[in-house]
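Structural characterization, general
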Amino acid sequence: MTKRVLLHVGTPKTGTSYLQDVLFRNRPTLARNGILYPADRFDAHFLAALDLMRLPWGGLETEAIGAWDRLADEVRRWPGTSILSHEILATASRSQVGRALESLGHHDGTEVHVVLSVRDLVRQIPAEWQENVKHRSVISYERFLEEIRDPARETRIATWFWAVQEVPDILNRWGHDLPPERIHLVTVPPPGGPPTLLWQRFSQALGLDGLQLDLEAERANPSLGVPETALLRRINRAANRQLDPPDYRPLVRELLAHQTLSRRTGSPRLALPPGVHPWAQDVAATWVDEVKQRGYDVVGDLADLAGPPPLEVWADPDQPSEKQVAGAAVDAITALLLENARARHTEERLGRELHEAHLALERAYLRPTYRLREKIVRRLQAGTAGRRLLAVYRLARGRNSRSA
Amino acid sequence: MTALDADTPGVRRAWGWVEHLRQGGTTPWRDWSVQGPARGRVLPGAQQLELLRRVNLAGAPSATLVERILTASAPGRGRPDLELAGAVERLRFGPAPVDPADLATHELIRVATGLLAEDLVAAGTPERPAAPWARPWRTRYRLAGDPVLTEPLRAGLTARGRPPGGRGVVLVMGTDVGRMLTDVWTTRCFAEGARAWSDWLPPQVRHNTLPPRADLVRCARAWAGRVGPDRVHVVLDPALAPRLVGVRRPVPAYPDVSADGAELARRVGAVLGLLVVPPRRRALLRETLRPRLAALGGPPLVVPPEHHEWLRARAVRMRDALLRAGYAVHGDPDALLTADRVGAPAPSDDGVLGLALRLLLDHDQTGPTGLAFGKEGM
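The shown structure was predicted, so the numbers you read here are calculated from the model rather than taken from an experiment.

Thoughts on the overall build of chain B
Counting its secondary structure elements, chain B contains 14 helices and four strands. Seen along its three principal axes, the alpha-carbon backbone of chain B occupies a region of about 80 × 45 × 30 Å. Looking at chain B residue by residue over its 378 residues, the buried ones come to 45%. Within chain B, residue pairs in contact and separated by at least 24 positions form 80% of the contacts whose partners lie at least 6 positions apart.

Notes on the nonpolar core
Residues and elements named next belong to chain B. Among the nonpolar cores identified, the biggest contains 191 residues, and Ala112, Val172, Ala220 and Ala356 are the most heavily contacted of them. Ranked by the residues each element gives to this core, the list is headed by helix α4 (residues 105-123), at nine residues. Ala220 has contacts with Val172, Val232, Val234, Leu322, Ala325 and Tyr327, leaving out every residue within four places of it along the chain.

Section: the pairing of strand β1 (residues 4-8) of chain A
All names here are of chain A. Summarising burial for β1: four of the five residues are buried, a large majority. Pairing analysis gives five bridges linking β1 to strand β3 (residues 81-85), with the strands arranged parallel. Along β3, the bridge assignment pairs Arg4 with Thr81. Where β1 lies against strand β4 (residues 111-118), five bridges are found, and the strand directions are parallel. Among the inter-strand pairings, Val5 is bridged to a residue of β4, identified as Val112.

A closer look at the confidence of the model for chain B
All names here are of chain B. When pLDDT is averaged along chain B, the result is 91; 96% of the residues meet or exceed 70. Note that pLDDT drops below 50 for residues 371-378; the model gives that stretch 19 contacts with residues more than four away or on any other chain. This prediction of the complex comes with two scores: 0.85 for pTM and 0.83 for ipTM.

Some remarks on the interface of chain A and chain B
Each side of the interface is counted separately: chain A has 28 residues, and chain B has 26 residues. Class assignment for the residues of the side of chain A that touches chain B results in nine nonpolar, nine polar and 10 charged.

Looking at the pairing of strand β5 (residues 183-187) of chain A
Residues and elements named next belong to chain A. For β5, the buried fraction is high: five of the five residues fall into the buried class. Sheet analysis places β4 next to β5, joined by five bridges and oriented parallel. Note that in β5 the partner of Ser117 across the bridge is Val186. Here β5 runs beside strand β6 (residues 297-299); their pairing, made up of three bridges, is parallel. In the strand pairing of β6, Leu185 is matched with Val298.

Notes on the domain arrangement of chain B
All names here are of chain B. The domain boundaries assigned to chain B delineate domain 1 (3-103) and domain 2 (141-377). Each of domain 1 and domain 2 was reduced to a C-alpha centroid, and the two centroids are 40 Å apart. Looking at which element gives the most residues to the side of domain 1 that touches domain 2, the answer is helix α2 (residues 46-58), with three residues. Of the residues contributing to the side of domain 1 that touches domain 2, the split by class is five nonpolar, three polar and one charged.

Observations regarding the environment of A:Pro320
All names here are of chain A. Mapped onto the fold, Pro320 is located in the loop between β6 and α14 (322-365). As a C-alpha pair, Pro320 and Pro278 span 42 residues in sequence and 24 Å in three-dimensional space. Ignoring sequence-local partners within four residues, the contact set of Pro320 consists of Val226, Pro227, Ala230, Ala315 and Val325.

Calculation criteria
Residues numbered from 1 in each chain as written. Chains lettered and ligands numbered in written order. Predicted model: local features only at pLDDT ≥ 70, side-chain atom pairs only at ≥ 80, totals over all residues. Helix = DSSP H or I, 4+ residues; strand = E, 2+ residues; numbered from the N terminus. Buried ≥ 20, exposed ≤ 12 C-beta atoms within 10 Å, placed from the backbone. Contact = placed C-beta atoms within 7 Å. Core = buried A, V, L, I, M, F, W, Y, C linked by C-beta atoms within 7 Å. Pairing = 2+ DSSP bridges. pLDDT = per-residue confidence, 0-100. Nonpolar A, V, L, I, M, F, W, Y, C, P; charged D, E, K, R; others polar. Domains from an automatic or database assignment.

Below you can see the structure in the form of structure tokens.
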């Protein structure tokens, strides 16, 4: 059997969270079919990617030390097919790609395939801005668009955006050592198509067709509307200084963004301004030309990269409807109140448990034998000879405890 | 096949330059014209090549260091590895090729920090002598305040069998407020990390606050609440501290680290966080890197002149509050007022890169143990 590694390296916002969730939850089924998804936690491949690329991530990197080598070691020991997936791998430099392929056994007979899922820029640009906002950014949408369109690409935002989104450049870095038939491009279908179509494409690219997998998603990276994103940006501006990353993640990103604001469905969706639309489509057209020339395996249709037409009514997230933002804010406050109530109940319960533990400890201390021992120790500690005697006793007992 | 794989005169010229740099050459890319054969999987990025040229200008790197630089990846977020302008045509996608001489210095520092972090891990920490037994007759004490004053004192006293703890005096150590501010930032650079000096200081001024370890009033008040004001001593002359805990011989202080040295530690520390766990990172930065940087010298960090007025107002308030509270003050209370120190109001990228190059070459010449600087500074 040929040993194969399928390396899904991006791009963000192309259904990657869903794919990784399905793969993670179906590890036993996959393993029974000779496919390894090596992960002991949901974000194992994310940590490995941070380690490979030496990328600090708000303190999470301390959990990533040595993660890539451990992952690669597991892959090398597996006799069949292994699947690795994380979208931030798209940013890897040429030398990091070289190290990754080497560690996965590329030069030792292992057949390495690179899978890149891609979506039109018309939807990716607003999605990336929103993702920035969900990671504490306070940049306005207008400024974000200016930065990514600046040909110099020198800002932090622009370098990251193009590193994870520029399809031909990502494939230049990841595909340098591989023949084109081992590079698979999965296109995300346009909006309004069958909901299972993207999964079918992933399934085909990763060789999962015919397996009985549980496709019910537990994790996803849902999108927010215009007022919700605007609200989040205002929260970032107000709270960033006080809220450290370990608190921001569960409270703002998870509780507010993912669990609360993403459920508001009636608000206008984020979209590309009509004036920027032609530029995005021009860029996508050059990518499509390039990909066609290179002869990669395309799963889906390159025409999907053209993206949907401009909206007739476009909502500007930098100048949102204040009424809609207020509605989102009320939902956010409600969620925080409920979370606060839950935390208070937990605190009260823990307080009660601690009190009961104290009472139990006091009861133990009140036993006559304990009081007698305490009295003897107190007497001995009052004098030099007694202290020496105690020291000898503790030495003989074998531990340096003062609890006796 | 990408543009860099093509066998064109531009790409051959680039490989010729790589070979020139491998041999210790220092000619800038724009003045280079000799072509050469491809010798490697891919052409190194412009950042790596320019860093190697700067290293060649600063010394004579070994073949190992040369290869490490050429295959290094810049850690963290930033511009990707860039191609050489003139070697390849600008494509319709990807970042524009550059002349390496035009690269911002911080791009080169970024590559260097990854290598320095690896060097630190390889060097490890100097062996610590076994802690002596605690003298039962020692004066019990605790230390608070300016970390650059308290940390070496605590370490020195512990090494003499006088660890802190127990019911005794609390020494709140301080000096002029400007120095305490730079001390706190510098200490963070060698520990858990900090924002850049230019991002860290202005909010303190804007919100009229001092970080906890530089705010002696808050420190003294907190300890007075726990142990009573009679046991709190404010020490504004560090030379007086040993006697207050029953020691006659002075305890060595930390050697000063330059503004650029602290900034380099801050940047290396961020990468080190991806290689070792936090306690090990702290130990490597303090015990291995700090003495090396101190030995290299350079102007210390000072608060920029535009904040002196604010600093003086804070210092006067602090002095008056400490005297009003009635704590025992050792040293001149006016020592809190801003002293005129000569130094750098901010780290400079050129200075940071200069230090990084010296450290890379020193480590390359002394090997993984590389304690030549460590011994001098200890």
